[in-house]
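The chain contents come next:
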Amino acid sequence: MDLPPHLLAGIICHLSARDRMSCLRVSQQMHEAVVQSCPQLDCTAFQQDHSTASDWVKCINLARGACNTLCSSRSDGARRICSDMRFAQGVRCDMSVRYTRGLGALALATLLPNLRRLCLDERTCPLGGMTNDLARALASKCKQLTVVSVAFAPHSVPGELFNDQGLIVLSEGCPRLASLSLGNCCIADRSLFAVAANCKGLVELRLSGYSERITDVGIQVLTASCSSLHTMWLSSKLCKVTDAGIAGVASLPHLQRLKLTAAATDASLDSLGAHSLSLRVLDARKTTLLTAAGVARVLATWSRLDQGVVVLVPDRCRPLPEELPGGWTLSERCGRRGAGGVLVKAGPMGALCEAW
C-alpha cells in the first residue's frame, strides 16, 4: 500500500473498533497505522456499529495508555437498532454495564491515564453506560479529562447507576472539565453545586431529559461560579428552572448559545435582551408561556447589535414579515417540521449566523 503513513492513520481513525481489529492482520504497515490511530476511538458519526466490548478493549490496550478520546455512537439510527435488539432479545442491567461497574470500571480507567474526551451513550456503547463506580475510577485515574458526555435511555434501570454521588466525585477529581453533557441522568442541584465549586473553567453545559430535582437555585449557583460559560442548552422538561434561573444565565458575560426551558416566560426574554449582548443562538421553540409581544421586544433590542443572531420561537409567537424590526428576516427553514419560527439577523458584511 503506497499511502503515506499519516494519511493511512487518518483513514483508520474513521473505522469502528471491529474494523480496526480486522486491519491488524492485513500487513505490517496497516498494523502500525492501527496502533497509531488507537489513541482516538471516536464512533459518534456511525449509523451502525457492530463492534463488541472486546474490540473496544483491544483498541484501548493497543494504545498503551495514550488513548485520549473514547466516544460511542450517538446517532438516532444506532439508538433505534439498540432499542430493537433489546426489545427482541432482552438485556439484563448487569450485561449493559459489564465494563463500567465494580472492578471492571477500575480496570478500564487504569488503561486511560491520558483520557481527555469521554462520550458514553448507554444505548450504543459496547462497554456500557456511566456508573458511579466508573466516575470514581475516572476521578482517580484520569486527571486530564476535559469533555464528558453521558446519556441514558429515558427511565432506564442503568440510568439509576449514575447519580449525584458519581458526578460529585467526578467533578472533584477532574477539575479541568470544560464541557459537560448529561442526558436522562438522575442528578439534582447538589451535583450542580459540586461542578460550580470544582470546575471553574466550565464553558459548556447541556442538560437533557426530565428532572424535577434541578431548580433555579442550582442554575444560579452554577452561573455565578462558572463565568466562562458560553453554551447553556437546557432541556425543555426542566420544569423547575424558571425565569429566576434564566436571569442568572443572562448575566453570563460570554453567553453565545442558549436553549430555554418550557417554564420560561417573557421575563426571561427581557433579561436576555438587557444583559446577553453576545448571544448568537437562542432556542425557545419548546417554551409554552412566551407571547408575541415578548418576542417583539427582544427582537427590537437585539436589532442594534453588530453580530448575527438566530432566534427560534414557537409558531404561535412568530411575527409576520412586515412586523419584524430592521435587520431581521424569516429564514426559509421555518417551513421545516418542528423548526417553529426561525428569525435571523444579519451580522457584519451581511453575513448570517446560521450555526444553530
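Up top is the structure.
Worth saying up front: this structure is predicted, and the values here are computed from it rather than measured. For every chain, the first residue of its written sequence is number 1, and the numbers climb from 1 along that sequence. Only residues with pLDDT of at least 70 are given local features in this predicted model, and only at 80 or more are side-chain atom pairs given and counted; all residues enter the totals for whole chains, interfaces and linings. Each side-chain value is derived from all of the structure's non-hydrogen atoms; neither hydrogens nor water enter the calculation.

A. The arrangement of the nonpolar core in detail. For our purposes a nonpolar core is just a set of buried Ala, Val, Leu, Ile, Met, Phe, Trp, Tyr and Cys residues, chained together by side-chain atoms within 4.5 Å. For every residue, the accessible area (1.4 Å probe, protein chains only) is compared with the maximum for its type, and the residue is labelled buried under 20%, exposed over 50%, or partly exposed between those bounds. Among the nonpolar cores identified, the biggest contains 78 residues, and Leu 127, Met 232 and Trp 302 are the most heavily contacted of them. Not counting residues up to four positions away in its chain, the partners in contact with Met 232 are Leu 205, Ile 219, Thr 223, Val 249, Leu 252, Leu 255, Arg 257, Leu 258 and Lys 259. Trp 233, Val 281, Val 310 and Val 344 belong to the second largest nonpolar core, which has six residues in total. We call two residues in contact whenever any of their non-hydrogen atoms come within 4.5 Å of each other.

B. Structural detail: helix α4 (residues 53-63). Along α4, the residues classified as buried are Ala 53, Asp 55, Trp 56, Val 57, Cys 59, Ile 60 and Ala 63. Looking one or two residues beyond α4, the residue adopting positive phi is Arg 64, at roughly 55 degrees. Strands are runs of DSSP state E lasting at least 2 residues, helices are runs of H or I lasting at least 4, and numbering of each runs from the N terminus.

C. Spatial organisation of the packing of helix α11 (residues 216-225) against helix α12 (residues 243-250). Contact geometry of α11 with α12 gives a least axis separation of 8 Å together with a crossing angle of 10 degrees. On the basis of their axis angle, the class for α11 and α12 is roughly parallel. On α12, the residues touching Asp 216, Ile 219, Gln 220 and Thr 223 of α11 are Ala 244, Gly 245, Gly 248 and Val 249. Under this grouping Gly is polar, as are all residues other than the nonpolar Ala, Val, Leu, Ile, Met, Phe, Trp, Tyr, Cys and Pro and the charged Asp, Glu, Lys and Arg. The residue makeup of the contact of α11 with α12, split by class, is three nonpolar, four polar and one charged. Every axis in this analysis is a line fitted to C-alpha atoms, fitted for helices over the stretch in contact. Angles between the N-to-C directions lie between 0 and 180 degrees. Roughly parallel covers angles under 35 degrees, roughly antiparallel covers those over 145, roughly perpendicular covers 65 to 115, and oblique covers all other angles.

D. Quick peek at the pairing of strand β6 (residues 204-208). Should DSSP find at least two bridges between two strands, the strands are taken to pair. In terms of strand pairing, strand β5 (residues 179-183) meets β6 through five bridges, oriented parallel. Among the inter-strand pairings, Leu 180 is bridged to a residue of β6, identified as Leu 205. Examined bridge by bridge, β6 and strand β7 (residues 231-234) share four bridges and lie parallel to one another. Note that in β7 the partner of Leu 207 across the bridge is Leu 234. Crossover handedness is defined here as right-handed if the route from the first strand over the helix to the second strand goes clockwise, with the strands pointing away from the viewer. Taken together, β6, α11 and β7 form a β-α-β motif whose crossover is right-handed.

E. Structural view of α12. Taking burial as the measure, the eight residues of α12 include six buried ones, the bulk of the element. For α12, the set of buried residues is Asp 243, Gly 245, Ile 246, Gly 248, Val 249 and Ala 250. Those residues of α12 hidden inside the fold are in contact with α11, β7, β8 (257-259) and α13 (266-275).

F. Up close: the pattern of salt bridges. Any Lys or Arg side-chain nitrogen found within 4 Å of a carboxyl oxygen on Asp or Glu counts as a salt bridge. One pass over the full model with this rule turns up six salt bridges. One salt bridge in this structure joins Glu 204 and Arg 206, with 2.6 Å as the shortest N-O distance.

G. Local environment of unusual backbone geometry. Even without a glycine there, the phi angle at Asn 184 is positive, about 55 degrees. For Asn 184, the position within the fold is in the loop between β5 and α10 (189-198).

H. Broad picture of the packing of helix α8 (residues 132-141) against helix α9 (residues 164-173). Look at α8 against α9: their axes get within 8 Å of each other, and the N-to-C directions meet at 10 degrees. Comparing their axes, α9 and α8 come out roughly parallel. Contacts from Asn 132, Ala 135, Arg 136, Leu 138 and Ala 139 of α8 reach α9 at Gln 165, Gly 166, Val 169, Leu 170 and Gly 173. Of the residues contributing to the contact of α8 with α9, the split by class is five nonpolar, four polar and one charged.

I. Up close: the side chain of Thr 100. Mapping Thr 100 onto the fold places it in the loop between α6 (93-96) and α7 (103-110). What qualifies as a polar contact is a pair of N or O atoms within 3.5 Å, subject to a donor-acceptor requirement within protein and to the restriction that residues adjacent in sequence count only when both atoms come from side chains. Among the polar contacts listed, one links the side chain of Thr 100 to the backbone oxygen of Gly 129, at a separation of 2.8 Å. Excluding anything up to four places from it in sequence, Thr 100 contacts Ala 105, Leu 108, Leu 127, Gly 128, Gly 129, Thr 131, Asp 133 and Leu 134.

J. A look at the pairing of strand β3 (residues 117-121). For β3, a buried count of four out of five residues is recorded, marking the element as mostly surrounded by other parts of the structure. Taken together, the three bridges between strand β2 (residues 69-71) and β3 define a ladder with parallel strand orientation. Bridge pairing in β3 links Thr 69 to Arg 117.

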